[in-house]
Amino acid sequence: MYQEEILEHYRHPHHHGKLEHATKIQAEHNPLCGDKLTFYLEIKNNVVVDVSFEGEGCAISQAAASMLTDEIIGKPITEIQQLQKEHVLNMLGIELGPTRLKCALLSLQGITRALNS
Amino acid sequence: MIDSHSIRKNIPALANGVAYLDSASTTLKPQTVIDAMNAYYQEFPANVHRGVYHMSERATAAYEHAREQVQHFVNARFPEEIIFTSGTTESLNMAARMCAQSMRKGDSVLLTYFEHHSNIVPWQLIAQEKGVELLYLPVTENGEIDVEAFDRIIKPNTKILAVTHISNASGIVSPLSQLVAKARAHGMRVIVDGAQSAPHMPIDVQALDVDFFACSAHKMLGPTGVGLLYIRKELHDSIEPVVGGGSMIREVSLHSSTWADAPAKFEAGTPNIAGVIGFGAAVSYLHSFGMDAVNAYITQLSKKLYTTLESLPYIHILGSSSHEHQHGIASFIMDGVHPHDVATILDQEHLAVRAGHHCAQPLMKLWGVPATTRASLYIYNTTEDIERLKYALEKVYSIFHRN
Ligand SMILES: Cc1ncc(COP(=O)(O)O)c(C=O)c1O
């Protein structure tokens, strides 16, 4: 499960930090592991032009956030809203039990909620 | 004497080779306990205290026999002081409700930072309803309950001390006799959460001088969904039941009822009969070793656990710095690795540990961590389990620090 790619994202997450010009901010909490992630999105003309996330978490949730933020930059909101959980799991390339699934899906949940808010 | 190797042969779930280090969450079950419950379901699955036919009388006898086994286990004076519940959570909720009956707005209850959520949230519910106040004993620099702060923290109207005997998140043993002596000196009632202590050490509710004592069968080799609430007999008449229904009444009319005597008064409805019988079998199994032997074995194995973890420079045990009053549980963090990742990799190595906040979020906040990894011991654990833990933790660290 802890393949090099996931560990690499965990050690050096992409788009980690605060976004100055965010137009949407969404905090997500996984009560199970205590992880708290905050997502910052800058949206222009219905396109996500920039995104970042802040907060600590396990390798799975950090890698998922890092990969997903990579993925959605430059995409129209409507396209991002279509993303399903299978997409995130494919992206991570691992199988997860029900407990760890929550870690993997925390960022999709945060980003979707931010877009719908 | 505890012979963990022969105990292991009696635990079917260990056959798959897991190093089970999550007994503080729930213990594995010996075949003896499973057999006792199966016998009820297969041979005499009737209700208790109702039928006059043979099967029901057999069920009633087995149920009441378990009450006596548990009574002796905690050294209560009378069997009717033992109330069967669904577990510590229900027991603590009931004890809180019972104590709240005589509390008024402005009264307070004294808790500690080490409480499980099940000894905090019931009091918050009562606080909302009745306007009683929650006070907390702080933690010393050494990480233990600050007994000296007792007199400073309490108020003239502090009526209750509700305290855990052993903290499930840290393994720290509370200075119970000192706390109870202080509570008594102020005329306070005492509720003790024994979920972690009853499995590990001899319990004598008379010597402890407590009014209420709660524990769960499933943390001491018994089944889930059953536990006990010890209620000191002197309180039985002044306490109203907190759950009403069948079995607990003497006479019911349309607008009022009278109560049966304890224990029935406090046990409404059809109980978890198989569970209670399994609980009896579990305490009788523990009794065959003696709780002094259980205590000695876990104390010795705990030392090994603490020294082994401390031999790894990137592991930090939370709680007391000396481990002198720490028992059976190690909550720790690993540098640079989230507790959930630790637990997941340990699982791949066939080790079961818990990761999370352990239903003790206020304590996690005090420690400044979102979660910890927790390894906990019971009588079927061996030094080999601890060696396997060490080996697996080294592996976790190397996976995360390869570059
Ligand atoms: C100290 C303590 N109190 C209370 C509980 C709650 O027990 P149960 O979940 O069996 O009701 C636990 C179990 O996690 C515990 O460790």
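Our subject is the structure listed above.
Anyway, here's the lowdown on the structure attached to this text. Computed from a predicted structure; not experimentally measured.

Cut-off values and rules
Residues numbered from 1 in each chain as written. Chains lettered and ligands numbered in written order. Predicted model: local features only at pLDDT ≥ 70, side-chain atom pairs only at ≥ 80, totals over all residues. Heavy atoms only, no water. Helix = DSSP H or I, 4+ residues; strand = E, 2+ residues; numbered from the N terminus. Buried < 20%, exposed > 50% of the residue type's maximum accessible area, 1.4 Å probe, protein only. Contact = heavy atoms within 4.5 Å. Pairing = 2+ DSSP bridges. Axes fitted to C-alpha atoms, helices over the stretch in contact; angles between N-to-C directions. Parallel < 35°, antiparallel > 145°, perpendicular 65-115°, else oblique. Left-handed = near helix turned anticlockwise from the far one by under 90°.

The next point concerns the overall build of chain B. Counting its regular elements, chain B contains 13 helices and 15 strands. When its C-alpha atoms are laid out on the principal axes, chain B stretches across 75 × 55 × 35 Å. Within chain B, the proportion of its 403 residues that are buried is 56%. Residue pairs at least 24 apart in sequence account for 70% of intrachain contacts in chain B once pairs closer than 6 positions are excluded.

Quick look at the sheet that holds strand S2 (residues 82-85) of chain B now. Residues and elements named next belong to chain B. Read from one edge to the other, the open sheet built from seven strands follows the order S2-S8-S7-S6-S5-S3-S4, with strand pairing classed as mixed. In the strand order of this sheet, the two ends are held by S2 and strand S4 (133-137), each with one partner. When the angles between neighbouring strand axes are averaged without regard to direction, this sheet yields 20°. Pairing between strand S5 (residues 158-164) and strand S6 (residues 189-193): five bridges, direction parallel. Looking at the pairing, Ala162 lines up with Ile191 of S6.

A few words on the pairing of strand S2 (residues 35-44) of chain A. On a regular strand, each side chain points to the face opposite its neighbour's, so the side chains alternate between the two faces of the sheet. All names here are of chain A. Within S2, eight of the ten residues are buried, leaving the element largely enclosed by the surrounding structure. Sheet topology note: the strand S1 (residues 24-30)/S2 ladder contains seven bridges and is antiparallel. For His29, the partnering residue across the bridge sits in S2 and is Lys36. Where S1 folds back onto S2 in an antiparallel hairpin, the turn is made up of four residues, including Gly34, whose phi is positive at roughly 80°.

Residue and element names in this part refer to chain A. On the basis of which strands lie adjacent, the open sheet formed by three strands has the order S1-S2-S3 and antiparallel pairing. Strand pairing shows two members of the sheet lacking a second neighbour, S1 and strand S3 (47-54), which therefore form its edges. Here the average twist between neighbouring strands, direction ignored, is 20°. Pairing of S2 with S3, which is carried by seven bridges, proceeds in the antiparallel orientation. Counterpart to Tyr40 in the pairing with S3 is Ser52. Strand contacts of helix H2 (residues 59-72): S2 and S3, with the helix running at about 165° to S3, the strand carrying the most contacts. The strands touched by helix H5 (residues 98-116) within the sheet are S1, S2 and S3, with S1 carrying the most contacts at an inclination of about 150°.

What follows concerns the packing of helix H11 (residues 339-348) of chain B against helix H13 (residues 383-400) of chain B. Working note: a packed helix pair is described by the angle between its axes plus the distance between those axes. All names here are of chain B. At a minimum axis separation of 10 Å, H11 and H13 run at an interaxial angle of 120°. By the angle class used here, H11 and H13 are oblique. Remark: the crossing between H11 and H13 carries right-handed chirality. The segment H11 lies against H13, with Asp341, Val342, Ile345 and Leu346 engaging Leu389, Ala392, Leu393, Val396, Ile399 and Phe400.

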